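Descriptive analysis of the structure
What follows is each chain in one-letter form.
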Amino acid sequence: MKLVILMFLEDDTPNVERLLAEHELVGYSEVPIEGHGEGTAGWYGKVAPYASRMLLVFLSSEKADELLAAVSACTACKDPNHPIHAWQVDVEKVTTSGLPIQNANA
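The structure presented is a predicted model; accordingly, all values stated were derived computationally and were not measured. (Residues numbered from 1 in each chain as written. Predicted model: local features only at pLDDT ≥ 70, side-chain atom pairs only at ≥ 80, totals over all residues. Heavy atoms only, no water.)

1. A closer look at the nonpolar core
By size, the foremost hydrophobic cluster in this structure holds 17 residues, and its most contacted members are V4, L6, V16, L55, L59, L67 and I84. At the level of elements, β1 (2–9), α1 (13–22), β3 (50–59) and α2 (61–73) are the ones that each hand at least two residues to this core. Take this core: its biggest share by element is four residues, from α2. Filtering out sequence-adjacent residues up to four positions away, L67 remains in contact with V4, L20, L25, V57 and L59. (Core = buried A, V, L, I, M, F, W, Y, C linked by side-chain atoms within 4.5 Å. Buried < 20%, exposed > 50% of the residue type's maximum accessible area, 1.4 Å probe, protein only. Helix = DSSP H or I, 4+ residues; strand = E, 2+ residues; numbered from the N terminus. Contact = heavy atoms within 4.5 Å.)

2. Some words on the pattern of salt bridges
Note on pairing: side chains with opposite charge can pair once their charged atoms come close. Counting across every chain of the model gives four salt bridges. We note a salt bridge from E22 to R18, for which the minimum N-O separation is 3.3 Å. Residue E22 and its partner R18 are both found in helix α1; the two are separated by four residues, about one turn of the helix. Note that E30 is salt-bridged to R53, the shortest N-O span being 2.9 Å. Placement of E30 in strand β2 (residues 29–35) and of R53 in strand β3 is noted, with a sequence separation of 23 residues between them. According to the relative accessible area criterion, E30 is partly exposed, its value standing at 26%. Residue class for R53 comes out buried when judged on its relative accessible area of 18%. (Salt bridge = Lys/Arg side-chain N within 4 Å of Asp/Glu carboxyl O.)

Written out as structure tokens, the structure is:
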């Protein structure tokens, strides 16, 4: 089992929703986040925070590879300086309240 984390500007939400739909991914969690970074010289020397989103989805290895390839191929971002980012993480163990811990790769 894999966890894929996507981070993107709110303006790219339609692109991310399209990627998920194309790969039949219907179960995920999404939260608003505030991105920070250095800007050009100005009143405070920093840019205003970015309105961003973070999406978390648990997938099989094959589906995770598909999703990362789709993100890599995506060229429709609203701001090319702020692409969609994706990270794939191995999930070692899973549990649900009231149940024993299971190896995720079993």
